[in-house]
Amino acid sequence: MATQNEAPLTALAKRQVEAVQTTAADARELAHKIVLAGLGVLSLAEEEGTKLFKQMTDKGASFDLTVPGREVAQSAVTTLQTQASNLATALLERRDEAVFVAGEASKKVEHNVQDAVTTAMRRLGVPTRREITELTESVERLAANIEKLRADRADADSGISAKHLGGGWYEVRVGGAVLKKVQGKDEAAKAVAELRKR
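Please read all numbers here as calculations on a predicted model, not as lab measurements.

Engineer: When you look at the overall build of the protein chain in this model, what are you seeing that I'm missing?
Structural biologist: What the protein chain contains, in helices and strands, is 4 helices and 3 strands. Beginning at the N terminus, the succession of helices and strands in the protein chain can be written as α-α-α-β-β-β-α. Here the protein chain holds 198 residues, and 12% of them are scored as buried. In the protein chain, 41% of the contacts between residues at least 6 apart in sequence involve partners at least 24 apart. Taken as a whole, the protein chain presents about 15400 Å² of accessible surface, with 58% of it coming from carbon and sulfur.

This is the structure in structure tokens:
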């Protein structure tokens, strides 16, 4: 039964855990938005670069290079087309690099948030998954021992037992009466098991 002081402490601990969980969720959401904003900037740069490249290509296609004296212009158009193509390729490469860097930054932020939550939970006395697993295993062992003790007590209550006489000899008894003598602990256990089956 909780005392009057424990109830407010439990409520305070719950509120603190909820606050930590809310802060962790807000941090994850902020990190996600930062990544999306970075991707948006890259996407916009890619779109604008593509539009510019298309406009240059369209202008170059309508330019009549067959007019005498435009050989220099034709050479300049070819050079510009090559440079625009190189620019588009460079933008795509930069986008891939930025996506990778943003992903790594997001993982790092998430790891830091998880560490902060774990530290806060420890300070509040919330058990870890490992501690809960160990406690569960201890409870299961304890339950098995209790069950064994109950079975042993039931056997003792029924009066079936094997008493060690020394020299490896045992007396198999029911109540106070000796039924037989056997040699070896295994033989005694076997004889007791047979009597229990009856």
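Engineer: Before we go on, may I ask you to explain the pairing of strand β3 (residues 177-183) in this structure?
Structural biologist: As judged from the 6 bridges shared by strand β2 (residues 169-174) and β3, these two strands associate in the antiparallel manner. Across the sheet, V172 pairs through a bridge with K180, a residue of β3. In textbook terms, the turn of a hairpin is the stretch between consecutive antiparallel strands, and for β2 and β3 this stretch comprises 2 residues, one of which, G175, has a positive phi near 65°.

Engineer: Can you walk me through helix α4 (residues 185-197) in this structure?
Structural biologist: In an α-helix, one full turn covers 3.6 residues, which means residues spaced three or four apart are oriented alike. End to end, α4 covers 19 Å across 13 residues, agreeing with the expected 18 Å (1.5 Å per residue, within 8%). When we look at burial in α4, the residues that qualify are A188, A191, V192 and L195. Buried residues of α4 fall within an arc of 95° about the axis and therefore sit on the same side. Exposed and facing more than 90 degrees away from the buried side of α4 are D186 and K197. The elements touched by buried residues of α4 are β1 (160-166), β2 and β3.

Engineer: Is there a simple way to explain the side chain of E171 in this structure?
Structural biologist: Within the secondary structure layout, E171 lies in strand β2. Overall, the relative accessible area of 11% leaves E171 in the buried class. Among the polar contacts made by the side chain of E171, one reaches the side chain of R173 at a distance of 2.7 Å.

Engineer: For this particular structure, what's the right way to read the confidence of the model for the protein chain?
Structural biologist: As a general rule, the predicted coordinates of low-pLDDT regions are not to be interpreted in detail. With 80% of its residues at a pLDDT of 70 or more, the protein chain has an overall mean of 77. When mean pLDDT is compared element by element in the protein chain, β3 scores highest at 89, while helix α1 (residues 6-62) scores lowest at 72.

Engineer: Would you mind going over the pairing of β1 with me for this structure?
Structural biologist: The side chains of a regular strand alternate, residue by residue, between the two faces of the sheet. The pairing of β1 with β2 spans 6 bridges and is antiparallel. Bridging across to β2, K163 finds its partner in E171. Counted between consecutive antiparallel strands, the loop separating β1 from β2 contains 2 residues, among which G167 sits at a positive phi close to 65°.

Engineer: It is not clear to me how the pattern of salt bridges should be interpreted in this structure. Could you clarify?
Structural biologist: Between side chains of opposite charge, a pair can form as their charged atoms come close. Taken as a whole and judged by the stated rule, the model has 2 salt bridges. As a salt-bridge pair, E134 and R130 come within 3.3 Å of each other at their nearest N and O atoms. Placement of the pair is E134 and R130 together in helix α3 (residues 129-158), with a separation of 4 residues, close to one helical turn. According to the relative accessible area criterion, R130 is exposed, its value standing at 56%.

Engineer: Please explain a nonpolar patch on the surface as it appears in this structure.
Structural biologist: A surface patch of nonpolar side chains, amounting to about 220 Å² of accessible area, comprises L36, L39 and V99. Relative to the elements of secondary structure, V99 occurs in helix α2 (residues 71-123).

Engineer: Please clarify how the nonpolar core should be interpreted in this entry.
Structural biologist: Generally speaking, a soluble globular protein has its nonpolar side chains buried in company with each other. Counting residues in each nonpolar core, the largest one holds 8 residues, listed as I160, Y170, V172, V182, A188, A191, V192 and L195. Going through the elements one at a time, β2 and α4 are the ones with two or more residues in this core. If you tally residues by element for this core, the top one is α4, at 4 residues.

Engineer: For this particular structure, what's the right way to read the environment of H164?
Structural biologist: Checked against the element boundaries, H164 lands in strand β1. Residues in contact with H164, not counting those within four places in the same chain, are W169 and Y170. Within the local environment of H164, its side chain forms a polar contact with the backbone nitrogen of G166, the two atoms lying 3.5 Å apart.

Engineer: Explain the sheet that holds β2 to me, please; I cannot follow it from the model alone.
Structural biologist: As a general point, the strands of a sheet are linked pairwise by backbone hydrogen bonds and lie either parallel or antiparallel. Strand order in the open sheet made by the 3 strands is β1-β2-β3, with antiparallel pairing throughout. Every other strand in the sheet has two partners, leaving β1 and β3 as the edge strands with one partner each. Looking at each pair of strands side by side, their axes are set apart by 25° on average, direction ignored.

Parameters and conventions
- Residues numbered from 1 in each chain as written.
- Predicted model: local features only at pLDDT ≥ 70, side-chain atom pairs only at ≥ 80, totals over all residues.
- Heavy atoms only, no water.
- Helix = DSSP H or I, 4+ residues; strand = E, 2+ residues; numbered from the N terminus.
- Buried < 20%, exposed > 50% of the residue type's maximum accessible area, 1.4 Å probe, protein only.
- Contact = heavy atoms within 4.5 Å.
- Areas by Shrake-Rupley, 256 points an atom, 1.4 Å probe, with all protein chains shown as cover.
- Pairing = 2+ DSSP bridges.
- Expected span 1.5 Å × (residues − 1).
- Arc of directions from axis to C-beta.
- Polar contact = N/O pair within 3.5 Å; in protein donor to acceptor, adjacent residues only side chain to side chain.
- pLDDT = per-residue confidence, 0-100.
- Salt bridge = Lys/Arg side-chain N within 4 Å of Asp/Glu carboxyl O.
- Patch = residues over 30% accessible without salt bridge, like charges linked within 9 Å, V, L, I, M, F, W, Y side chains within 5 Å.
- Core = buried A, V, L, I, M, F, W, Y, C linked by side-chain atoms within 4.5 Å.
- Axes fitted to C-alpha atoms, helices over the stretch in contact; angles between N-to-C directions.

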